[in-house]
Amino acid sequence: MANDNEILKRIKEKAGVDMTKSVDFDILAQAIRDQTNESLGVNTLKRLFGFKTEKVVPRLSTMDVIAQYLGFTDYESLIKELGDEADISMFTPIDSLEVKDLEKGTQVRISYDPNRIFFLTYLGDLQFIVNEVEGSKNLLKGDILTITQLAVGHRLVVAQVNRNGENLGSYEAAKFKGLKSVEIV
């Protein structure tokens with residue numbers, strides 16, 4: 001198994017399986033569901049254990065469920081408990097998009113609870129225009145948003161909202177659970 005660390009060891013010990021066969025991940029997924037009432041996909045668990053070679057960074061929400069399975073309130077509490085024992089380099093729970101690195105015209109889709117979805121186009125100079133919006137009455141199609149970073153698991157911070165040439169000020173959303181997804185489309 002690639003990159004074995006303290007967190008993975010604790011998961012294997014708790015589940016009572018070696019995590020070397022496909023069926024082990026089915027068992028772990030069910031154990032996590034039984035204990036936390038949260039579901040993690042078998043493929044997500046396989047990626048965590050290096051069973052799949054895809055280079056995907058686990059989301060903070062995934063790591064929070066893992067932490068809960070191990071008896072902690074959230075991932076941050078687990079990391080604090082483990083301190084230097086954890087090989088934290090494998091678990092960087094931020095899928096982020098550095099806005100300053102985007103090319104003009106890049107299409108971005110972001111989502112957060114409850115059922116908020118935005119399709120944005122990057123205009124340059126940290127500004128996006130809202131192309132489509134689902135579930136929000138605060139940000140509207142055509143709004144120009146100034147955003148410096150978009151990161152899964154972190155709140156949406158808009159430094160400035162401009163609507164029809166009028167500066168409406170700053171805007172924050174997804175304060176409790178953070179963004180669910182950030183995707184280039």
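Residues numbered from 1 in each chain as written. Predicted model: local features only at pLDDT ≥ 70, side-chain atom pairs only at ≥ 80, totals over all residues. Heavy atoms only, no water.

On to the sheet that holds strand β9 (residues 181-184), then. Within a sheet, neighbouring strands are paired by backbone hydrogen bonds and run either parallel or antiparallel to one another. Strand order across the open sheet formed by seven strands is β8-β7-β5-β4-β3-β2-β9, with antiparallel pairing between neighbours. Where the open sheet ends on each side, the last strands, each with one partner, are β8 (166-173) and β9. Going from strand to strand, the sheet's axes swing by 30° on average, the running direction of each strand aside. With three bridges joining them, strand β4 (residues 127-134) and strand β5 (residues 144-146) adopt antiparallel strand pairing. Of the residues in β5, the one forming a bridge with Q127 is T146. (Pairing = 2+ DSSP bridges. Helix = DSSP H or I, 4+ residues; strand = E, 2+ residues; numbered from the N terminus. Axes fitted to C-alpha atoms, helices over the stretch in contact; angles between N-to-C directions.)

Next up on the list: the packing of aromatic side chains. Where two aromatic rings form a pair, the distance of their centres and the angle of their planes describe that pair. Following the criterion strictly, the structure yields two aromatic pairs and no others. Their ring planes at 55° and their centres at 5.1 Å tell us that Y122 and F128 sit as a pair that is tilted. Positioned above the aromatic ring of Y69, the side-chain terminus of K14 is 5.3 Å from the ring centre. (Phe/Tyr/Trp six-rings, centres within 6.5 Å; stacked < 30°, edge-to-face > 60°. Lys NZ or Arg CZ within 6 Å of the ring centre and 35° of its normal.)

Turning next to the confidence of the model for the protein. Considering every residue of the protein, the mean pLDDT works out to 83; 88% of them sit at 70 or more. Within the model, pLDDT remains below 50 along residues 87-94, and this stretch shows 33 contacts once partners closer than five positions in the same chain are excluded. (pLDDT = per-residue confidence, 0-100. Contact = heavy atoms within 4.5 Å.)

Along helix α1 (residues 6-15), the residues classified as buried are I7, L8, I11 and A15. Projected onto a plane normal to the axis of α1, the buried residues spread over an arc of 95° and lie on a single side. (Buried < 20%, exposed > 50% of the residue type's maximum accessible area, 1.4 Å probe, protein only. Arc of directions from axis to C-beta.)

All right, on to the side chain of D143 then. Position of D143 relative to the elements: it lies in the loop between β4 and β5. We classify D143 as buried; its relative accessible area is 1%. Polar side-chain contacts of D143 include one of 2.7 Å to the backbone nitrogen of L140. The contacts of D143, once residues within four sequence positions are left out, are F128, I129, V130, N138, V161, N162 and R163. (Polar contact = N/O pair within 3.5 Å; in protein donor to acceptor, adjacent residues only side chain to side chain.)

The next thing to look at is helix α2 (residues 22-36). Over its 15 residues, α2 extends 22 Å from the first C-alpha to the last, a length consistent with the 21 Å expected when each residue adds 1.5 Å. Among the residues of α2, those classed as buried are D24, F25, L28, A29, I32 and T36. For α2, the angular spread of buried residues about the axis comes to 135°, placing them on one side. Contacts from the buried residues of α2 go to α1, α3 (42-48) and α4 (60-69). Directly after α2, the chain includes N37, whose backbone phi takes a positive value near 60°. (Expected span 1.5 Å × (residues − 1).)

On to the pairing of strand β2 (residues 107-112), then. The buried fraction of β2 amounts to five of the six residues, a majority that puts the element mostly inside the structure. Sheet topology places β2 next to strand β3 (residues 116-124); six bridges connect them, and they run antiparallel. Along β3, the bridge assignment pairs S111 with I117. Counting the residues in the hairpin turn of β2 and β3 gives three residues, including N115, whose phi is positive at 55°. With four bridges connecting them, β2 and β9 associate as antiparallel partners. Paired with R109 across the bridge in β9 is E183.

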